[in-house]
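Given next are the chains, with one letter for each unit.
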Amino acid sequence: MRSLLIPLAAMTLVGCAGSGSRTPDKPLGEQISYDSGQKLDQALAGLTPGKPESCLPQTRTPSSSSYGRTIVYRYSRNLMYRNDMGPGCERMGNSGDVMVASTPLGRFCRGDIVRLVDRVSGFPTGSCSFGDFIPYRKAR
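Residues numbered from 1 in each chain as written. Predicted model: local features only at pLDDT ≥ 70, side-chain atom pairs only at ≥ 80, totals over all residues. Heavy atoms only, no water.

Q: Help me get a handle on the state of the cysteines, residues and values and all.
A: Under the criterion given, the structure shown has two disulfides. Each disulfide pairs two cysteine sulfurs, and for Cys-55 the partner residue is Cys-109, the sulfurs being separated by 1.9 Å. A torsion of 105 degrees about the S-S bond marks the disulfide between Cys-55 and Cys-109 as right-handed. With Cys-55 in the loop between β1 (47–49) and β2 (63–67) and Cys-109 in the loop between β5 (97–101) and β6 (113–118), this residue pair connects regions lying 54 residues apart in the sequence. Of the two residues, Cys-55 and Cys-109, neither departs from the other in class, the shared state being buried. The partner cysteine of Cys-89 in its disulfide is Cys-128, sulfur to sulfur 1.6 Å. Judged by the torsion about the S-S bond (-60 degrees), the Cys-89/Cys-128 disulfide is left-handed. Here the residue Cys-89 occupies a position in the loop between β4 (79–84) and β5, and Cys-128 occupies one in strand β7 (residues 124–129), the gap between them amounting to 39 residues. Here Cys-89 matches Cys-128 in class, with each residue buried. With its bonded cysteines labelled in order along the sequence, the protein chain shows the pairing 1-3, 2-4. (Disulfide = S-S within 2.5 Å. Helix = DSSP H or I, 4+ residues; strand = E, 2+ residues; numbered from the N terminus. Buried < 20%, exposed > 50% of the residue type's maximum accessible area, 1.4 Å probe, protein only.)

See below:
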């Protein structure tokens, strides 16, 4: 049995060594932030940032989109909240990880811990915390 595993492991390593085209060698965070930054700008286009708030309003569950470490909570076309998550959430939105957050207050606040979990396996992949919630409103 052991003699079968060694050649199999060697073939697996050889197969991984010859990958197709590669992106330039940049840290993962830089690759994500460039692409995500453009999409984030498009998502918030036409909206004006307001004064940062420490907690997300507890009116209803908004839809959300992630752009690298940034999450945008959409309450309506005229009101969105941006949150720049702390270090550790760089993979969010680009790797299939999902955010798992729980709070005893029924709302998310700055400093609340968020866990990242692989969508398929359920295996934890990291954690980070919420930053300030910045409201973006349509200018009148």
